[in-house]
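# Survey of secondary and tertiary structure
Here are the chains, one letter per residue:
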Amino acid sequence: MATRVEGSQEMRPLVADFMLVDREDQETVKKDGCSRLVGLLNEPFEWLRMLCGELETGFVFAVILVYGFSQGFAASFFRVVSDYYWKDVQQVQPSAVQLYQGLYALPWILKPAWGLLTDVFPISGYKRRPYFVLAGCIGSVCALLLLQKKPPILFALSTLIGISTAISIADVTIDACIARNSIKHPALASDMQSLCGFCSSTGAILGYSSSGILVRILGAQGALALLTFPLAMLVALGFTLNESKTSSRPDRQVFMMVNGALRNMIQTMKCPEVWKPSLYMFLSIALSYSTHEGHFYWYTDPKAGPAFPKEFVGIIYAIGAVGSILGVILYQKVFKDYPFRTVLFLAQLLYFVSGMLDLTFVLRLNLRLGLPDYMFVVIEEMSGRIVSRLRWMPMMVLSTRLCPLGIEGTFFALLMCIDSIGWLCSKWSGSLALHLLKVTRTNFKNLWLAVLIRNILRISTLALIFLVPKAGPTDALLPSQMLEADGSDEKDERLQLVSMNDRA
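Residues numbered from 1 in each chain as written. Predicted model: local features only at pLDDT ≥ 70, side-chain atom pairs only at ≥ 80, totals over all residues. Heavy atoms only, no water.

Further remarks concern the overall build of the chain. In terms of helices and strands, the chain carries 19 helices and two strands. Taking all 504 residues of the chain together, 53% fall into the buried category. Excluding contacts between residues fewer than 6 apart, the proportion of contacts in the chain whose partners are at least 24 apart in sequence is 86%. Carbon together with sulfur atoms contributes 66% to the accessible area of the chain, which is approximately 22,800 Å² in total. (Helix = DSSP H or I, 4+ residues; strand = E, 2+ residues; numbered from the N terminus. Buried < 20%, exposed > 50% of the residue type's maximum accessible area, 1.4 Å probe, protein only. Contact = heavy atoms within 4.5 Å. Areas by Shrake-Rupley, 256 points an atom, 1.4 Å probe, with all protein chains shown as cover.)

Rendered as structure tokens:
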């Protein structure tokens, strides 16, 4: 008995030592876990700090403001509220709404004109600042004009196009800076597009989530008037941006610059390295026609559809914006160094798969699978937005890599104009499909067929993937002579915020 007691007493220190070591290991694991969590949370800030160091703080701030507040919040808020404006205030058919919405693309089609203005027509010696001010003024005034009680359709359409014009002018102005920095820092081209996508998606979450609630409280017209505030921030950006003044040029010299820019654009577009991927981007957008308005009217219909309330419709799109952020992260972490052709092939294939989820929802097959509408629409919207962003990001990076120095603002705007024409074709062909299939405000019998045809067109786009180069984001796509900088405007492109001390 004494031997057992002595043995147990000898074992106690060993057990105590083992428990002490185990506790120390647990504390080490906890510390490592906390360090990893802190590192993960700190990673975006370190990334922003790196961008500010490489690309200058003023440029990064301008990207955040334009893509976050103008394109992100204002554009997403505008999308939902304008849908309710046409549906509840003007009371028009979904096919007509898509026809009107196609006209929103007109300012974006004119992006080469805006780009040419910012490149060769400075105002009071400034290339960027006045155009931000102009965009903010146009958008704010148009938003306030919509407070009238049920104005004529032509007047309402004109003011909505005015808001789209303001967003497009601000977009082309900041894109000129992005294109130049992508040429100067090719290794950061994907990072800049990731920053744009992240800011746009974050702003979209705020815009979508607040849109339905504000439509419920203020009505569609009152909610549209709130767009005055984010658009007015563009005016503030124009006044706070520090840009070196350019010397005034004689009219003859300006004419020669315009003529030279046009000739350079034509010469660049003749390169197979440019027109082939441009053609693919156009066809991949145009062939997948839009059925958005048919879905929107069906979402809110109390008889044929799931009858989602206004607040939830905004939440659906906000969840989709979260999916866009996940798509940006997925591209940044996994696919940003892959060849363009590989990423776009995979993205287009997934685009077809996400379209089949739309078809499943319209046919209400989700109910047979035991998935309620509220759950399935979240899955559908989230997956669709992830894939759309994964498909859009390499297109944007590819576009920046196709721009020659000297006319990068104009040429990037031209490429975006081609995409906008594709979007216009997508909207109008979708409007025609909804009209021919007799999809109206109350009749959704053939909506499933419109979605099925759209999905077939999506998968057929894979046959054109050979138009996309096999090169990666850091590879040179243009002949070397098109990438030579003249250095004359180097000083003009350094965008910084004006400090309070300098103003004083």
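From this point, things continue past the structure.
One pair of aromatic rings is described through two measures. These are the centre distance and the angle between the planes. According to the stated counting rule, one finds 16 aromatic pairs in the structure shown. Where Phe73 meets Phe77, the ring centres are 5.6 Å apart and the plane angle is 20 degrees; that geometry is what we call stacked. One end of the pair, Phe73, and the other, Phe77, are both in helix 2 (residues 57–90), four residues apart, so they sit about a helical turn from each other. Residue classification places Phe73 among the partly exposed positions, given a relative accessible area of 21%. By relative accessible area, which is 1% here, Phe77 ends up buried. (Phe/Tyr/Trp six-rings, centres within 6.5 Å; stacked < 30°, edge-to-face > 60°.)

With 23 residues, helix 14 (residues 340–362) extends 33 Å between its outermost C-alpha atoms, agreeing within 8% with the 33 Å of an ideal straight helix rising 1.5 Å per residue. The positive-phi residue at the C-terminal boundary of helix 14 is Arg364, with phi of around 60 degrees. (Expected span 1.5 Å × (residues − 1).)

In this structure, Tyr85, Trp86, Ile163 and Leu227 are the most contacted members of the largest nonpolar core, which totals 85 residues. Looking at this core element by element, the count peaks at 16 residues for helix 2. In this view, Trp86 contacts Gln91, Val92, Val97, Tyr100, Tyr104, Ile153, Leu157, Leu160 and Tyr297; residues no more than four positions away in its chain are not counted. Of all hydrophobic cores here, the second largest spans 38 residues; its members include Phe335, Val343, Met395 and Ile465. (Core = buried A, V, L, I, M, F, W, Y, C linked by side-chain atoms within 4.5 Å.)

All chains considered together, the criterion is met by seven salt bridges. The partner of Asp191 in a salt bridge is Lys336, with the nearest N and O atoms 3.7 Å apart. Linking Asp191 in helix 8 (residues 189–225) with Lys336 in the loop between helix 13 (310–335) and helix 14, this pair joins segments that are 145 residues apart in sequence. Like Asp191, the residue Lys336 is buried in the burial classification. (Salt bridge = Lys/Arg side-chain N within 4 Å of Asp/Glu carboxyl O.)

Moving on, we come to a nonpolar patch on the surface. A contiguous nonpolar surface patch, about 220 Å² in accessible area, is contributed by Val141, Leu145 and Phe155. Here Leu145 shows up in helix 6 (residues 129–145). (Patch = residues over 30% accessible without salt bridge, like charges linked within 9 Å, V, L, I, M, F, W, Y side chains within 5 Å.)

Time to look at the packing of helix 6 against helix 9 (residues 228–240). As a packed pair, helix 6 and helix 9 sit with axes 7 Å apart at the nearest point and diverge in direction by 160 degrees. Taken together, the axes of helix 6 and helix 9 are roughly antiparallel relative to one another. Pair helix 6 / helix 9 crosses with left-handed handedness. Seen from helix 6, the contacting residues are Arg129, Phe132, Val133, Ala135, Gly136, Cys137, Gly139, Ser140, Ala143 and Leu144; seen from helix 9, they are Thr228, Leu231, Ala232, Leu234, Val235, Leu237, Gly238 and Phe239. Here the contact of helix 6 with helix 9 is built from residues that sort into twelve nonpolar, five polar and one charged. (Axes fitted to C-alpha atoms, helices over the stretch in contact; angles between N-to-C directions. Parallel < 35°, antiparallel > 145°, perpendicular 65-115°, else oblique. Left-handed = near helix turned anticlockwise from the far one by under 90°. Nonpolar A, V, L, I, M, F, W, Y, C, P; charged D, E, K, R; others polar.)

On to the side chain of Thr291, then. The residue Thr291 is located in the loop between helix 11 (272–286) and helix 12 (292–299) in this model. Apart from the residues within four sequence positions on either side, Thr291 is in contact with Gln98, Ala450, Val451 and Arg454.

We now examine the state of the cysteines. Considering all chains together, one arrives at zero disulfides under this definition. With no disulfide of its own, Cys199 has Cys196 as its nearest cysteine by sulfur position, at a separation of 7.1 Å. (Disulfide = S-S within 2.5 Å.)

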